[in-house]
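The residues making up each chain are set out below.
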Amino acid sequence: EAQVTQNPRYLITVTGKKLTVTCSQNMNHEYMSWYRQDPGLGLRQIYYSMNVEVTDKGDVPEGYKVSRKEKRNFPLILESPSPNQTSLYFCATANAGSNEKLFFGSGTQLSVL
Amino acid sequence: QKEVEQNSGPLSVPEGAIASLNCTYSDRVSQSFFWYRQYSGKSPELIMSIYSNGDKEDGRFTAQLNKASQYVSLLIRDSQPSDSATYLCAVEEPGGSYIPTFGRGTSLIVHP
């Protein structure tokens with residue numbers, strides 16, 4: 001079954017404590033991306049990757065890091081989380097090229113206290 | 001800065017009516033347009049895509065695209081309470097790489 005697996009589903013942490021949200025896909029997709037979703041602001045892209053070892057900033061990259069060492073994995077790293085990073089996060093994947101639909105993970109609800 | 005605009009709603013329609021959701025975009029060279037449905041607390045899922053001017057129908061859903069007016073819409077016929085969700089419009093950059101810009105979404109409520 002085609003899947004985008006995102007973990008954890010819920011996470012409560014404190015300011016400054018490093019955390020990683022994992023994303024893994026089994027569809028051999030080249031494109032992977034991270035979004036955050038906040039009420040009234042919609043989906044905003046944090047980082048994306050077109051292939052292994054290729055990553056680029058999206059619209060709101062500050063305070064986040066990513067890596068793409070393997071095709072299937074694209075972790076999101078918050079080195080020093082702050083309360084303004086409290087949000088719902090989604091990983092998404094797609095085949096490279098035009099007109100491809102995005103497959104989303106189930107989301108991670110992050111609360112930074 | 002590319003922009004995709006949607007009325008946040010909520011749009012409230014009675015069961016059985018036609019729901020009309022609208023989206024405008026700023027980048028005139030955009031070529032691909034998508035509608036995603038997102039239930040509360042869930043991830044978005046693609047329901048329609050459209051690439052050329054005109055209408056595209058899939059069951060109760062019709063997507064309409066007017067590139068000259070930079071306008072894309074989604075019609076839902078015979079609306080059901082199960083259609084109550086947020087609908088996200090996404091517009092793809094031209095150039096062959098998949099980097100969509102999302103609108104903020106329109107909340108639809110279908111009441112019995």
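Residues numbered from 1 in each chain as written. Chains lettered and ligands numbered in written order. Predicted model: local features only at pLDDT ≥ 70, side-chain atom pairs only at ≥ 80, totals over all residues. Heavy atoms only, no water.

How should the state of the cysteines be read in this particular structure?
Defined simply, a disulfide is a covalent bond joining two cysteines at their sulfur atoms. Residue and element names in this part refer to chain B. Per the stated rule, a full pass over the model turns up two disulfides over all chains. One disulfide bridge connects C23 with C89, the sulfur atoms lying 2.1 Å from each other. Taking the torsion about the sulfur-sulfur bond, which here is approximately -75 degrees, the covalent link between C23 and C89 counts as left-handed. With C23 in strand 3 (residues 19–25) and C89 in strand 9 (residues 85–92), the pair connects residues that are 66 residues apart, well separated along the chain. (Disulfide = S-S within 2.5 Å. Helix = DSSP H or I, 4+ residues; strand = E, 2+ residues; numbered from the N terminus.)

Looking at this model, I keep getting lost on the nonpolar core. Mind explaining?
A general trend in soluble globular proteins is that nonpolar side chains are found buried together. W35, V72, L74, I76 and Y87 of chain B are the most contacted members of the largest nonpolar core, which totals 23 residues. Elements that contribute at least two residues to this core include exactly strand 3, strand 4 (32–38), strand 5 (45–50), strand 7 (61–66), strand 8 (71–76), strand 9 and strand 11 (106–111) of chain B. Discounting chain neighbours no more than four positions away, the residues touching Y87 of chain B are Q6, L21, W35, Y36, R37, I47, L74, I76, G105, T106 and L108 of chain B. Grouped together as the second largest cluster of nonpolar side chains are 19 residues, L19, W34, L78 and L110 of chain A included. (Core = buried A, V, L, I, M, F, W, Y, C linked by side-chain atoms within 4.5 Å. Buried < 20%, exposed > 50% of the residue type's maximum accessible area, 1.4 Å probe, protein only. Contact = heavy atoms within 4.5 Å.)

It is not clear to me how the interface of chain A and chain B should be interpreted in this structure. Could you clarify?
Accessible area lost when the parts come together is the quantity often used to give the size of an interface. The interface is formed by 22 residues belonging to chain A together with 21 residues belonging to chain B. Taken over both partners, the interface formed by chain A and chain B buries close to 1700 Å², and the fraction arising from carbon and sulfur atoms is 56%. The tally of links between chain A and chain B comes to zero salt bridges. Joining chain A to chain B, the criterion identifies five residue pairs in polar contact (both at pLDDT 80 or more). Of all the elements in the fold, those that place two or more residues in the side of chain A that touches chain B are strand 4 (31–38) and strand 5 (42–51) of chain A. Looking at the side of chain A that touches chain B, the element that brings in the most residues is strand 5 of chain A, giving five residues. (Buried area = accessible area lost by both parts, 1.4 Å probe. Salt bridge = Lys/Arg side-chain N within 4 Å of Asp/Glu carboxyl O. Polar contact = N/O pair within 3.5 Å; in protein donor to acceptor, adjacent residues only side chain to side chain.)

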